[in-house]
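# Working through the structure, step by step
Below are the chains, spelled out letter by letter.
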Amino acid sequence: MVVLVVLGDFPAELVDGIEAALRTTYQVEVQRRSPIALPKSAWYAPRKRYRADALLEHLGAQVAEAPPGTRILGLTSVDISTSKGKIADWGVFGLGELGGTAAVVSGHRLWRKTKDPAKIAWRVTNTAVHEVGHVLGLDHCVEPRCVMLDAEGGIENTDESTGGPGPSCTALLDARAPLRPRAAVVRAPSAH
């Protein structure tokens, strides 16, 4: 089960695509919850954005009483950041706890520099699939066009992704939790 919840605000028209992609890609059940406020404790005043790690804690608390195996994905429009190496405040598209419970996606950087609704939807959906992949135990991958490629500070890997895990990541998922039988899913790389 993956719970979808909006933190603050997020375009409603994008949530349907995210839900459909999660259901198809990972064969999970998806439940939507009513939007919740961004926690004041996550605000990072020096850079005027929210700390993604604090958002993950807040999201995890939202499903603390849920059945085992429940994950949560927060969707927001605000800028988010995390620490990366020696950089204390690195702006990110999203963040997911590797093998954990919570992930968050921010559209802030994903829709910058484009007004194309199809490209925005592609980027947001791919990022959601990527971050949920982390909570399902997938680390960054090196397979070309796999949704689990690291963004490496740019948008190219997101734009060029197939939208789903590559063969190695799929094999890892299947070994950990075999998926229900499914019809072949073909996601067009040019859908954006």
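What comes next is a walk through the structure. Residue numbers run consecutively from 1 along every chain, following the written order of its sequence. Owing to the predicted nature of the model, reporting of local features is limited to residues with pLDDT of at least 70; listing and counting of side-chain atom pairs is limited to 80 or more, with chain, interface and lining totals taken over all residues. Only hydrogens and water are removed before side-chain values are computed, so all heavy atoms of the structure are retained for them.

### Some remarks on the pattern of salt bridges
As a working rule, side chains carrying opposite charge can pair if their charged atoms are close by. Let me state the cut-off plainly: For this analysis, a salt bridge means a side-chain nitrogen from Lys or Arg found within 4 Å of a carboxyl oxygen belonging to Asp or Glu. Every helix listed is a DSSP run of H or I at least four residues long, and every strand listed is a run of E at least two residues long, numbered separately from the N terminus. Summary of the burial criterion: residues with accessible area below 20% of their type's maximum are buried, those above 50% are exposed, and those between are partly exposed, where the area comes from a 1.4 Å probe applied to protein chains only.
One pass over the structure, following the stated rule, counts 10 salt bridges. Put simply, Asp89 and Arg49 hold a salt bridge, and the shortest N to O gap is 2.7 Å. Here Arg49 lies in strand 4 (residues 49-51) and Asp89 lies in strand 7 (residues 87-92), a separation of 40 residues in the sequence. Here Asp89 falls in the buried class, since its relative accessible area comes to 8%. The buried category is assigned to Arg49, whose relative accessible area is 4%. Put simply, Arg109 and Asp79 hold a salt bridge, and the shortest N to O gap is 2.9 Å. Residue Arg109 is found in the loop between strand 9 (102-106) and helix 3 (117-135), and its partner Asp79 is found in the loop between strand 5 (71-76) and strand 6 (80-84); the two are separated by 30 residues along the sequence.

### Quick notes on the packing of aromatic side chains
Heads up, the rule is: Side-chain rings of Phe, Tyr and Trp (the six-membered ring for Trp) are treated as a pair once their centres are within 6.5 Å; stacked means planes under 30 degrees apart, edge-to-face means over 60, and tilted covers the remaining angles. Lysine and arginine charges are scored as sitting over a ring when NZ or CZ, respectively, is within 6 Å of the ring centre and within 35 degrees of the ring normal.
Summed over all chains, the structure comprises 2 aromatic pairs. Between the aromatic rings of Phe10 and Trp111, the centroid separation amounts to 6.0 Å while the plane-to-plane angle is 45°, which identifies the pairing as tilted. Residue Phe10 is found in the loop between strand 1 (2-6) and helix 1 (12-26), and its partner Trp111 is found in the loop between strand 9 and helix 3; the two are separated by 101 residues along the sequence. Classification of Phe10 as buried rests on a relative accessible area of 10%. In this structure Trp111 comes out as partly exposed when scored by relative accessible area, which is 22%. The interplanar angle of 65° and the centroid separation of 5.0 Å between the aromatic rings of Trp43 and Tyr50 together place this pair among those described as edge-to-face. Directly above the aromatic system of Tyr44 lies the positively charged group of Arg51, at a separation of 5.8 Å from the ring centroid.

### Some remarks on the sheet that holds strand 7
Rules: A pair of strands counts as paired when DSSP detects no fewer than two bridges linking them. Here, two residues are considered to be in contact whenever any of their heavy atoms come within 4.5 Å of each other. All axes are obtained by fitting lines to C-alpha atoms, using only the stretch in contact for helices, and the reported angles, taken between N-to-C directions, cover 0 to 180 degrees.
In space, the 4 strands of this open sheet follow the order 3-4-6-7, with mixed pairing throughout. In this open sheet, the two strands that pair with only one neighbour each are strand 3 (43-44) and strand 7. Bridging between strand 4 and strand 6 involves 2 bridges; their strand directions are parallel. Residue pairing in the sheet places Arg51 in a bridge with Ser81 of strand 6. Here helix 2 (residues 52-62) sits on the sheet and contacts strand 4 and strand 6; the angle it forms with strand 4, its principal contact strand, is near 60°.

### A few points about the nonpolar core
Applicable threshold: The nonpolar core is taken to be a set of buried Ala, Val, Leu, Ile, Met, Phe, Trp, Tyr and Cys residues, with the residues joined through side-chain atoms within 4.5 Å.
With 32 residues, the main nonpolar core has Ile18, Leu22, Tyr26 and Leu73 as its most contacted residues. Secondary-structure elements contributing two or more residues to this core are strand 1, helix 1, strand 5, strand 9, helix 3 and helix 5 (167-176). When neighbours within four sequence positions are excluded, Ile18 is seen to be in contact with Leu4, Phe10, Leu73, Leu75, Val124, Thr125 and Ala128. Ranked by size, the runner-up nonpolar core spans 17 residues in total, among them Ala54, Val63, Ile80 and Val92.

### Here we look at the environment of Arg176
By the secondary structure assignment, Arg176 is in helix 5. Separated by 71 residues in the primary sequence, Arg176 and Val105 place their C-alpha atoms 24 Å from one another. Excluding anything up to four places from it in sequence, Arg176 contacts Leu136, Gly137 and Leu138.

### Considering the layout of surface pockets
Test applied: Each cavity reported here is a set of points on a 1 Å grid over the protein atoms alone in which a 1.4 Å probe fits but cannot get out, each pocket an open set with protein on both sides within 12 Å along at least five of seven lines, and each lining residue one with an atom within 4 Å of a point. Grid points are joined across faces, edges and corners, and a volume is the space filled by probe spheres set on the points. In the scheme used here, Gly and all other residues not listed as nonpolar or charged are polar, with Ala, Val, Leu, Ile, Met, Phe, Trp, Tyr, Cys and Pro taken as nonpolar and Asp, Glu, Lys and Arg as charged.
Looking at the largest pocket, its volume works out to about 650 Å³. Val92, Phe93, Ala151, Glu152 and Gly153 are the residues nearest the centre of the largest pocket, which is lined by 32 residues in total. Among the elements of the structure, strand 6, strand 7, strand 8 (94-96), helix 3 and helix 4 (156-160) are those that each provide at least two residues to the lining of the largest pocket. Ranked by residues supplied to the lining of the largest pocket, first place goes to helix 3 with 6 residues. Class assignment of the residues belonging to the lining of the largest pocket gives a composition of 9 nonpolar, 15 polar and 8 charged.

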